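# Geometric and topological summary
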Amino acid sequence: MPLKQKDFVSIADYTAAEVGEIIDLAIAQKAELMSGRLEPTLKGKTLGCIFHKPSLRTRVSFEVAMHQLGGDSLYLTDQEIGIGSREAPQDVARVLSRYVSAIMIRTFDHSVVETLARFATIPVINGLTDLLHPCQVLADLMTIQEHRGNLDNLTVAFIGDGNNVARSWINAAAKLSLRVVLGCPPGFGVEKEFVDRALDGSSGRYTEVNDPVEAVKEADVLYTDVWASMGQESEAEKRKKAFAPFQLNSSLVAKAPDHAVVLHCLPAHRGEEITDDVIESQRSLVFDEAENRLHVQRALLSSLVPSGGGN
Ligand code: CP
Ligand code: NVA
């Protein structure tokens, strides 16, 4: 079913029903792909993928998803395009709208994605900014739904930095009435204004605690991510010290309920935010989670990119 929104910039722009529809479609298409019944509904369509930061999962899963739907993809680096230096984002948006069927962008400044979305006549998908990583959290939700059968009364303990992934989890909490507990060192939480805006009028819950054991004690999901995100490399050493007590290791996992599963968006810095034994443990759904980037983004493309005439 086509979505009401043209773009996917933030989970905050979608209703709970729309998030549910994308996840249900992703699960259905995953089964269709496995049984060879997936319909190539985007023949003749092209996804322009713009990357200002490196990627394994986002690039490969979007490009493969597009090919599986019968379409094509273009990998565009900022060295070629120069958004904001060689050319204004609004002009890039208008020109790409004449050639391709949708844009997926990974960049630093979230406002660049918002500007592209505003000026493009085609769908714009956020493949990660410094602020948000909404495609990741869609895949995470799908993974949990597959594992648990539903997302009801879910408590997610996010152990680590109040970063782009954590903020997208807060948006998901607001939309789906989930509970997110961030366990982080003092000074590394999510900005109060972001939390207040995200949760305004919702029954989602968000708590920040500076004790990792307190954070995990009621968790259904134990989530972690790198301590220094892309763009924060110069802070890596300082962060390693601050975050050391927040490593997701077997002794912290043992403090969580027995049923709690482990997620990590990857890439993982094994031995820093997560240990080898935890990522390789029975509780880890990390590689299903990575696979689900493909399925959820294919569902997103199917829902956002109009089939039929035109580019
Ligand atoms: N999780 C994720 O977005 O991975 P990449 O940075 O490899 O795309
Ligand atoms: N928070 C990480 C996520 C990588 C997928 C980063 O922004 O680098």
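My aim in this report is to walk through the structure given alongside it, one point at a time. Numbers given to residues run from 1 along each chain, matching the order in which its sequence is written. Both sets of labels track the order of writing: A upward for chains, 1 upward for ligands. Residue-level local features of this predicted model are given only where pLDDT is at least 70; pairs of side-chain atoms are given and counted only at 80 or more, and the full residue set underlies all totals for whole chains, interfaces and linings. Only hydrogens and water are removed before side-chain values are computed, so all heavy atoms of the structure are retained for them.

Throughout, the term near means that a residue has one or more heavy atoms lying within 4 Å of the molecule or strand in question. In the vicinity of ligand 2, the residues found are L128, H133, N163, N164, D225, V226, S229, M230 and L266. Using the Shrake-Rupley algorithm and a 1.4 Å probe, accessible areas are obtained, with residue cover drawn only from the displayed protein chains. Bound to the protein, ligand 2 loses 96% of the 270 Å² it would expose on its own. Any residue outside Ala, Val, Leu, Ile, Met, Phe, Trp, Tyr, Cys, Pro, Asp, Glu, Lys and Arg is labelled polar, Gly included; the first ten of those are nonpolar and the last four are charged. Residue classes in the shell around ligand 2 are distributed as 4 nonpolar, 4 polar and 1 charged.

For the pair helix 6 (residues 134-148) and helix 13 (residues 286-304), the least separation of the axes is 8 Å and the interaxial angle reads 110 degrees. When the interaxial angle is binned, helix 6 and helix 13 end up roughly perpendicular. For the pair helix 6 and helix 13, the sense of crossing is right-handed. On the side of helix 6, the interface is formed by C135, Q136, L138, A139, D140, M142, T143 and E146, while helix 13 contributes D288, E289, N292, R293, H295, V296, Q297 and L300. Its residues assigned to classes, the contact of helix 6 with helix 13 comprises 6 nonpolar, 5 polar and 5 charged. Note on method: axes are straight lines fitted to C-alpha atoms, helices fitted across the in-contact stretch only, with angles between N-to-C directions ranging 0 to 180 degrees. Helix and strand assignments come from DSSP, with helices taken as H or I runs of at least 4 residues and strands as E runs of at least 2, each series counted from the N terminus. Put simply, angles under 35 degrees are roughly parallel, angles over 145 are roughly antiparallel, angles from 65 to 115 are roughly perpendicular, and the rest are oblique. Put simply, a crossing is left-handed when the front helix is turned counterclockwise from the back one by less than a right angle, and right-handed when it is turned clockwise. Any two residues having at least one pair of non-hydrogen atoms within 4.5 Å are treated as being in contact.

Quick look at the nonpolar core now. In these notes, a set of buried Ala, Val, Leu, Ile, Met, Phe, Trp, Tyr and Cys residues joined through side-chain atoms within 4.5 Å is what counts as a nonpolar core. Buried residues are those whose accessible area, probed at 1.4 Å on protein chains only, stays under 20% of the maximum for their type, while exposed residues exceed 50% and partly exposed ones sit between those limits. Counting 65 residues, the largest nonpolar core has F8, I125, L141, W169 and L301 as the members making the most contacts within it. It is helix 7 (residues 164-176) that provides the largest number of residues to this core, a total of 8 residues. For F8, the residues in contact, after removing those within four places along its chain, are Y14, V124, I125, N126, P134, C135, L138, L300 and L304.

It is worth spelling out the side chain of S10 at this point. With respect to the secondary-structure elements, S10 resides in the segment before helix 1 (16-34). Between N or O atoms, a polar contact is any pair within 3.5 Å; within protein, one atom must be a potential hydrogen donor and the other a potential acceptor, and residues adjacent in sequence are included only when both atoms are from side chains. At 3.4 Å, the side chain of S10 and the side chain of N171 are in polar contact. Not counting the four nearest positions on each side in its chain, S10 is found in contact with L132, P134 and N171.

Looking now at the site of ligand 1. Around ligand 1, the surrounding shell consists of S55, L56, R57, T58, R106, H133, Q136, C265, L266 and R293. Interatomic distance of 2.7 Å between a side-chain N/O atom of R106 and an oxygen atom of ligand 1. Within the contact set of ligand 1, an oxygen atom lies 2.8 Å away from a side-chain nitrogen or oxygen of H133. In isolation ligand 1 exposes 250 Å². Once the protein is present, 96% of that is buried.

Attention now goes to helix 13. Multiply 1.5 Å by the residue count of a helix minus one, and that product is the helix's expected span. Look at helix 13: 27 Å from first C-alpha to last across 19 residues, which is about the 27 Å you get at 1.5 Å a residue. Along helix 13, the helix axis deviates most sharply at N292, where the bend reaches about 30 degrees. The element helix 13 is extensively covered by neighbouring structure, given that 15 of its 19 residues are classed as buried. To obtain the bend at a residue, axes are fitted to the seven residues ending there and to the seven starting there, and the angle between these axes is taken.

Here we come to the sheet that holds strand 8 (residues 221-224). Pairing is parallel across the open sheet formed by 5 strands, whose spatial order is 7-6-5-8-9. Only two strands of the sheet have a single neighbouring strand rather than two, namely strand 7 (205-209) and strand 9 (261-264). In this sheet, neighbouring strand axes are inclined to one another by 20 degrees on average, regardless of whether the strands run parallel or antiparallel. With 4 bridges joining them, strand 5 (residues 155-159) and strand 8 adopt parallel strand pairing. When the sheet's bridge partners are listed, V156 is paired in strand 8 with V221. Only strands joined by at least two bridges in the DSSP assignment are considered to pair.

Attention shifts here to the packing of aromatic side chains. The rule is short: rings of Phe, Tyr and Trp, with Trp giving its six-membered ring, pair when the centres are within 6.5 Å, and they are stacked under 30 degrees, edge-to-face over 60, tilted in between. Inspection of every chain in the model, using the stated rule, returns 6 aromatic pairs. Taking 5.5 Å as the distance between ring centres and 40 degrees as the angle between the ring planes, the aromatic pair formed by F51 and Y75 counts as tilted. In this pair, F51 is assigned in strand 1 (residues 46-51) and Y75 in strand 2 (residues 72-77), connecting sequence segments 24 residues apart. Measuring from ring centre to ring centre gives 6.0 Å for W169 and Y223, while their planes differ by 70 degrees; the resulting arrangement is edge-to-face. A residue pair is termed long-range when its members are at least 10 positions apart, and W169 in helix 7 and Y223 in strand 8 qualify at 54 residues. Overall, W169 belongs to the buried group, its relative accessible area being 0%.

This part covers unusual backbone geometry. The residue after L266, namely P267, is reached through a cis peptide bond having omega 5 degrees. In this structure, P267 sits in the loop between strand 9 and helix 12 (276-279). Of note in this structure, N153 is not a glycine but carries a positive phi near 50 degrees. Counting through the fold element by element, N153 comes out in the loop between helix 6 and strand 5.

Each patch is built from residues lacking any salt bridge and having more than 30% relative accessible area; the joining distance is 9 Å for like charges and 5 Å for nonpolar side chains (Val, Leu, Ile, Met, Phe, Trp, Tyr). Any Lys or Arg side-chain nitrogen located within 4 Å of an Asp or Glu carboxyl oxygen qualifies as a salt bridge. Taken together, the side chains of L56, V60 and V64 make up a nonpolar region of the molecular surface, amounting to roughly 230 Å² of accessible area. Secondary-structure assignment places L56 in the loop between strand 1 and helix 2 (57-68). Residue classification places L56 among the exposed residues on the basis of a relative accessible area of 52%.

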